[in-house]
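Survey of secondary and tertiary structure
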Amino acid sequence: MQEKQFAECCESREVHEDLLRLVSEQLPSDEDLMDLAELFKIFGDTTRVRILFVLLEAEVCVCDLAEALNMTQSAISHQLAILKRNKLVKSRRDGKSVFYSLADDHVRTIISQGMDHISE
């Protein structure tokens, strides 16, 4: 049987009021924290992360994404809708095609820093 592991705890209970005051002043609202948690959930799906990695390199249409990721256009479209709803990608129409790209440099930074973190 595998033993449960816990983080180390203090040997005695001592509350540091000055630190708690500083933390409580800087802590975002519960609503903002829930929104942040929801944002990070979006990155919890491998397909969405793969789509974002393609979009790091180029603006592409659904057809190109489906081909690059060996998936159906329907599956790609479903994931793009989630990414767009969460403001991680944007789209533009060019004739009969719709091209997708990262919404802004923040998305690029999140992905890059995430890769840096797991590479350490």
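The shown structure was predicted, so the numbers you read here are calculated from the model rather than taken from an experiment.

Once that is clear, we can look at the sheet that holds strand 1 (residues 60–61). As summarised here, the arrangement of the three strands in space is 1-3-2, forming an open sheet in which the pairing is antiparallel. Bordering the open sheet on either side are strand 1 and strand 2 (89–94), each of which pairs with just one other strand. The sheet contact formed by strand 2 and strand 3 (residues 97–102) spans six bridges and is antiparallel. Considered in strand 3, the bridge of valine 89 is made with leucine 102.

Right, let's talk about unusual backbone geometry for a bit. The phi dihedral of asparagine 70 falls on the positive side, at around 55°, and the residue is not glycine. Checked against the element boundaries, asparagine 70 lands in the loop between helix 4 (62–69) and helix 5 (73–85). Assessed through its relative accessible area of 71%, asparagine 70 is described here as exposed. Positive phi outside glycine occurs at lysine 87, with the angle close to 60°. Here lysine 87 lies in the loop between helix 5 and strand 2.

Turning our attention to the layout of surface pockets. Of the pockets and cavities examined, the largest pocket occupies roughly 170 Å³. Phe40, Phe43, Val49, Phe53, Ile110, Ile111, Gly114, Met115, His117 and Ile118 are the residues that line the largest pocket. For the lining of the largest pocket, the secondary-structure elements that each account for two or more residues are helix 3 (46–57) and helix 6 (105–119). Looking at which element gives the most residues to the lining of the largest pocket, the answer is helix 6, with six residues. Here the lining of the largest pocket is composed, by residue class, of eight nonpolar, two polar and no charged.

What counts as what
- Residues numbered from 1 in each chain as written.
- Predicted model: local features only at pLDDT ≥ 70, side-chain atom pairs only at ≥ 80, totals over all residues.
- Heavy atoms only, no water.
- Pairing = 2+ DSSP bridges.
- Helix = DSSP H or I, 4+ residues; strand = E, 2+ residues; numbered from the N terminus.
- Buried < 20%, exposed > 50% of the residue type's maximum accessible area, 1.4 Å probe, protein only.
- 1 Å grid on protein atoms, 1.4 Å probe; cavity = no way out; pocket = protein on both sides within 12 Å on 5 of 7 lines; lining within 4 Å.
- Points joined across faces, edges and corners; volume = space filled by probe spheres on them.
- Nonpolar A, V, L, I, M, F, W, Y, C, P; charged D, E, K, R; others polar.

These figures come from the coordinates and say nothing about function on their own.
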